[in-house]
Amino acid sequence: MAASVILVDPLPRTLEQIMAPPVRARLERLGRLVISESRPMNDDEIEALLPHTVAIIGQTAMPRERLERAPRLKAIINVETNFLPNIDYAACLARGIWVLTPASAFAAPVAEATLGLALDLARGISAADRAFRTGVESYGLEANLDTIRFEGAPVGIIGFGDLGRKFRELIRPFRNEVRVYDPWLPAEIIERLDCRQSDLDTLLERSRFVMVFAAPTTENAHFIGAPHFARMQKGSAFLLMSRAAVVDFPAMLAAARSGHIRVATDVFPVEPVPADDPVRATPNMVFSAHRTGGTTDALFEIGSMTVADLELILKDLPPQLCRRADPSIAGRLRSQPVSKT
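Here's what I pulled together on the structure shown here. (Residues numbered from 1 in each chain as written. Predicted model: local features only at pLDDT ≥ 70, side-chain atom pairs only at ≥ 80, totals over all residues. Heavy atoms only, no water.)

**Notes on the sheet that holds strand 10 (residues 237-240)**
Part 1 of the reasoning: Sheet architecture is open: 7 strands sit in the order 8-7-6-9-10-11-12, paired in parallel fashion. Looking at which strands have only one partner, the edges of the open sheet turn out to be strand 8 (196-197) and strand 12 (285-287).
Part 2 of the reasoning: Summarising the sheet, strand 7 (residues 178-181) and strand 8 pair through 2 bridges and their orientation is parallel. Each residue of the ladder has a partner; that of Val180, found in strand 8, is Gln197.
Part 3 of the reasoning: Packing against the sheet, helix 12 (residues 249-257) makes contact with strand 10, strand 11 (262-265) and strand 12, and its axis sits at approximately 135 degrees to strand 11. (Pairing = 2+ DSSP bridges. Helix = DSSP H or I, 4+ residues; strand = E, 2+ residues; numbered from the N terminus. Contact = heavy atoms within 4.5 Å. Axes fitted to C-alpha atoms, helices over the stretch in contact; angles between N-to-C directions.)

This is the structure we're talking about:
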């Protein structure tokens, strides 16, 4: 029998970026690596490898007809960390092919950055720095007339997957009342983490800080718009931490520009953001260039989770670290693939 092939097609990632040398060595012991990192692997090369491929690491398109030409395939692990609409997920499930993502590697750094941005919006930290550098700073109470305290403030979390749950755990010492809106979850899961299940309007009306961790789907494009921002208390903070597509982005900018709310965002409709985009001049906003999750340690965790689960799968054991694609959910996700590492 020909050697088992592990097809590595990881762009925009590279193996060097996501695997420390000892983890890379473990991967190499599992099969013959065929790697394409300078460009996506071309179709002819993929077709030649399919009969011998036992695992795919990357974002290679795998429709049903390709799956049928890959009789030894056991796993597809998406290291870009989004379930993309280029795989026949139902066919994979029927064949017993594990389709996985190590996306939870990003949960801790995103939660940490969200807390940092929330504190900045609450206390005007970066705004005070800019004022000081230009010689127009204020002192004492005068400098804090528009600030709010994060400790004890009502918090709303929209989307309660890995990111939302990690953030909830991180803020426990701040003793916030936490409401959660996530129509895909039962109250039992939400309440188990000391949160209150809420409808969207109530969450927006009663929260001083609203964190959006919801993934974009076929149903929720731009589902938070001008009427929702109007429901928020004046001076409240809105933090967009998942994907720009879940909000009406111009409406969000208008709400910030009007002074009704203060906003932080790590994501944008087009990335990289053009240098002359007027969004850069919007007041009452703190910007982050889609950087909150992509820390060096988080990227290495992607690699270690991938290899650890692949070791199990190739022993005919179930994976333990990565999240498996559910066809009923994966087919509805519409995350824009990352273009920057």
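**Observations concerning the environment of Ile18**
Part 1 of the reasoning: Here Ile18 lies in helix 1 (residues 15-18).
Part 2 of the reasoning: Residue Ile18 is classed as buried on the basis of its relative accessible area, which comes to 0%.
Part 3 of the reasoning: Counting along the chain gives 279 residues from Ile18 to Asp297, while the straight-line C-alpha distance between them is 8.7 Å.
Part 4 of the reasoning: Setting aside residues no more than four positions away along its own chain, Ile18 makes contact with Arg13, Val79, Leu299, Phe300, Ile302, Gly303 and Ser304. (Buried < 20%, exposed > 50% of the residue type's maximum accessible area, 1.4 Å probe, protein only.)

**Description of the nonpolar core**
Where a protein is soluble and globular, its nonpolar side chains tend to be buried together.
Part 1 of the reasoning: Core analysis: the biggest nonpolar cluster contains 53 residues, and Phe167 and Phe209 have the highest contact counts within it.
Part 2 of the reasoning: Those residues in contact with Phe209 that lie beyond four places of it in its chain are Ala118, Ala122, Ile148, Arg149, Phe150, Ala153, Pro154, Val155, Gly156 and Ala237.
Part 3 of the reasoning: Ranked by size, the runner-up nonpolar core spans 28 residues in total, among them Leu240, Phe249, Ala251 and Val273. (Core = buried A, V, L, I, M, F, W, Y, C linked by side-chain atoms within 4.5 Å.)

**Remarks on the sheet that holds strand 1 (residues 5-9)**
Part 1 of the reasoning: Ordered in space as 2-1-3-4-5-13, the 6 strands form an open sheet in which the pairing is mixed. Of all strands in the sheet, those bounded by a partner on one side alone are strand 2 (32-35) and strand 13 (323-324).

**Some details on the pairing of strand 7**
Part 1 of the reasoning: The pairing of strand 6 (residues 155-158) with strand 7 spans 4 bridges and is parallel. Paired with Gly156 across the two strands is Arg179, which belongs to strand 7.
Part 2 of the reasoning: Regarding the hand of the β-α-β motif, the stretch spanning strand 6, helix 8 (residues 162-170) and strand 7 is right-handed.
Part 3 of the reasoning: Between the parallel elements strand 7 and strand 8, the chain passes through helix 9 (residues 187-192) in a crossover that is right-handed. (Right-handed = clockwise from strand over helix to strand, strands pointing away.)

**A short note on the packing of helix 6 (residues 107-123) against helix 8**
Part 1 of the reasoning: Running from amino to carboxyl end, helix 6 crosses helix 8 at an angle of 55 degrees, the nearest separation of the two axes being 8 Å. Taken together, the axes of helix 6 and helix 8 are oblique relative to one another. In terms of crossing hand, the pair formed by helix 6 and helix 8 is right-handed. Contacts from Ala107, Ala108, Val110, Ala111, Glu112, Thr114 and Leu115 of helix 6 reach helix 8 at Asp162, Leu163, Lys166, Phe167 and Leu170. (Parallel < 35°, antiparallel > 145°, perpendicular 65-115°, else oblique. Left-handed = near helix turned anticlockwise from the far one by under 90°.)

**Focus: the side chain of Ser207**
Part 1 of the reasoning: Note that Ser207 resides in the loop between helix 10 (200-206) and strand 9 (209-212).
Part 2 of the reasoning: According to the relative accessible area criterion, Ser207 is buried, its value standing at 0%.
Part 3 of the reasoning: Within the local environment of Ser207, its side chain forms a polar contact with the backbone nitrogen of Gly156, the two atoms lying 3.3 Å apart.
Part 4 of the reasoning: Polar side-chain contacts of Ser207 include one of 2.7 Å to the backbone oxygen of Leu203.
Part 5 of the reasoning: Aside from chain neighbours lying at most four places away, what touches Ser207 is Pro154, Val155, Gly156, Gln233 and Ser236. (Polar contact = N/O pair within 3.5 Å; in protein donor to acceptor, adjacent residues only side chain to side chain.)

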